[in-house]
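Secondary and tertiary structure notes
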Amino acid sequence: MKQLSTKVTSNGHGQDSSYFLGWEEYEKNPYDEIKNPNGMIQMGLAENQLCFDLIESWLAKNPDAASLKRKGQSIFKELALFQDYHGMPEFKKAMAEFMEEIRGNRVTFDPKKIVLAAGSTSANETLMFCLAEPGDAFLLPTPYYPGFDRDLKWRTGAEIVPIHCSSSNGFQITESALQQAYQQAHKLDLKVKGVLVTNPSNPLGTALTRRELNLLVDFITSKNIHLISDEIYSGTMFGFEQFISVMDVLKDKKLENTEVSKRVHVVYSLSKDLGLPGFRVGAIYSNDEMIVSAATKMSSFGLVSSQTQYLLSALLSDKKFTSQYLEENQKRLRSRQKRLVSGLESAGITCLRSNAGLFCWVDMRHLLDTNTFEAELDLWKKIVYNVKLNISPGSSCHCTEPGWFRVCFANMSEGTLDLALKRLKTFVESTDCGRMISRSSHERLKSLRKKTVSNWVFRVSWSDRVPDER
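Residues numbered from 1 in each chain as written. Predicted model: local features only at pLDDT ≥ 70, side-chain atom pairs only at ≥ 80, totals over all residues. Heavy atoms only, no water.

- The chain appears in an unreviewed UniProt entry as 1-aminocyclopropane-1-carboxylate synthase from Brassica carinata.
- Per UniProt, the comment on the chain under Cofactor (unreviewed entry) is "pyridoxal 5'-phosphate". (UniProt positions renumbered as here; feature names shortened; annotations may be inferred.)

**Quick look at the confidence of the model for the chain**
- Put simply, the chain has an average pLDDT of 90, and 91% of its residues get 70 or more.
- Every residue in residues 448-470 scores below 50 in pLDDT, and together they form 28 contacts with partners more than four places removed in sequence or on other chains. (pLDDT = per-residue confidence, 0-100. Contact = heavy atoms within 4.5 Å.)

**Remarks on the packing of aromatic side chains**
- Applying the stated rule across the entire model yields ten aromatic pairs.
- Taking the centre distance of 6.2 Å and the plane angle of 50° together, the rings of W58 and F321 count as tilted. Of this pair, W58 sits in helix α3 (residues 52-61) while F321 sits in helix α14 (residues 319-346), and the two are 263 residues apart along the sequence.
- Taking relative accessible area as the criterion, F321 reaches 9% and is therefore assigned buried.
- Judged by centre distance (5.8 Å) and plane angle (40°), the ring pair of F321 and Y325 falls under tilted. (Phe/Tyr/Trp six-rings, centres within 6.5 Å; stacked < 30°, edge-to-face > 60°. Helix = DSSP H or I, 4+ residues; strand = E, 2+ residues; numbered from the N terminus. Buried < 20%, exposed > 50% of the residue type's maximum accessible area, 1.4 Å probe, protein only.)

**Some details on the pattern of salt bridges**
- A full pass over the atoms with the stated rule returns 19 salt bridges.
- R70 serves as the salt-bridge partner of E78, at 3.2 Å between the closest nitrogen and oxygen.
- A salt bridge links R339 to D418; the nearest nitrogen and oxygen atoms lie 2.9 Å apart. Within this pair, whereas R339 is found in helix α14, its partner D418 is found in helix α16 (residues 414-430), the two being separated by 79 residues in sequence.
- The class for R339 is partly exposed, based on a relative accessible area of 31%.
- By relative accessible area, D418 is classed as partly exposed at 32%. (Salt bridge = Lys/Arg side-chain N within 4 Å of Asp/Glu carboxyl O.)

**A word on α14**
- In this model α14 runs 41 Å from its N-terminal to its C-terminal C-alpha over 28 residues, within 8% of the 40 Å that 1.5 Å per residue would give.
- Of the residues trailing α14, G348 is marked for its positive phi of about 80°. (Expected span 1.5 Å × (residues − 1).)

**Quick look at the sheet that holds strand β14 (residues 392-393)**
- Across the sheet, which stays open at both edges, the four strands sit in the order β11-β12-β15-β14 with antiparallel pairing between neighbours. Each having just a single partner strand, β11 (350-351) and β14 make up the two edges of the open sheet.
- One ladder, built from two bridges, connects β11 with strand β12 (residues 359-363); its direction is antiparallel. Residue pairing in the sheet places C351 in a bridge with V362 of β12. (Pairing = 2+ DSSP bridges.)

**Things to note about the sheet that holds strand β6 (residues 159-163)**
- The strand order β4-β10-β9-β8-β7-β5-β6 describes an open sheet built from seven strands, whose pairing is mixed. Edge positions in the open sheet fall to β4 (114-117) and β6, since each of these has one partner strand only. Across this sheet, the average inter-strand angle for adjacent strands is 25°, counted without regard to direction.
- In this structure, β4 lies alongside strand β10 (residues 282-286), joined through four bridges in antiparallel fashion. Note that in β10 the partner of I114 across the bridge is Y285. (Axes fitted to C-alpha atoms, helices over the stretch in contact; angles between N-to-C directions.)

**Considering the UniProt feature "domain: Aminotransferase class I/classII large" (unreviewed entry) in the chain**
- When the UniProt feature table is mapped onto this chain, "domain: Aminotransferase class I/classII large" (unreviewed entry) is found at residues 41-424.
- From the first C-alpha to the last, residues 41-424 spans 11 Å; its make-up is 42% helix and 15% strand.

Structure follows, in structure tokens:
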């Protein structure tokens, strides 16, 4: 007799992806500076560990929050008893105000339109359940976060149709790519229910431009479909540009409180900006009352604990702290990203120019034996098993071009990052391609940097050429 259901025994979870396989190898032999200095270094985990000292300092100065007290009196019983699944009003208010602060207070979020969820994984899946029938499709620009194959499809039965983006324009979304994906879905007899984007992008580490966001809103308006903007990296902007949310675009287009605004939904989480993935705090924001109501009912399967809400409502309500945290987090991310880029360049490797996130999109196409995904997987295996670095191959992110890799930089100490870069440089120099690079690295890197900067300046000036739009 069959013991387990088809759902749980299928490979829809994506656990056999190289993205997850790299994690499994890391867990077998994790690096430790003292106990296991030759172990594998985890560079496949998008985790923000750069500002824990700021949060721990706040906790030390505000003991009531962590001790579950109010004005020195225990509220343990109050928090331990049943809590309504709508969430604590004071926490939702603090969450809304924090989201507004990240967006420069240019837009507002109504706490009543926030649905709490156990992280962005739960939030995205809940939206899929609300918006799509099994077999309906959402369009996603490539490359995209490998976990979306699990989060959006596995239990919901929804399908993903890729919007193919290329390195020729820095992997920007174009109108032709959107139309081609939409047409491809129809060829596959799939009903398109919407588009989902991550802004800033995981794995690219770039924020969507105003041009791209305008294009997306115009597209979903013309097709009468939904737009989900996963903005869990919105507080990781370390460039000198402002983060532009889809909510900014709705306001600029005077589409607030319209039918279009009811089809635009934002997903957020404290996992990346505050570095608290273990707290499992996510949120859905929607202007559609029916979706808020339906998602709230579904949130019963993934609630945020009352003690977590209490602690974080106190932390997020401290405006002096949040302001200082966001500023310092930006500085530390910028410094760490520069350290990674500089180390890679010394090994003859360049990256897509990034301005956000906890990772870089690294170009190793020149290290491939052939321009194929088989060669990419071979290179990845060498880096994982020989160099002992867990990085994520572009194919796991559905990139259409072999040779790109996501490399994380914020989940380790500076010393560990330097060691990882030293290992990678030694590996590159040991290859035939590496020896060629070392002979002409200065000229090559100078040329590549010039091209990269030129492309970036062109991208910014062309897509945001109207000064008052910024």
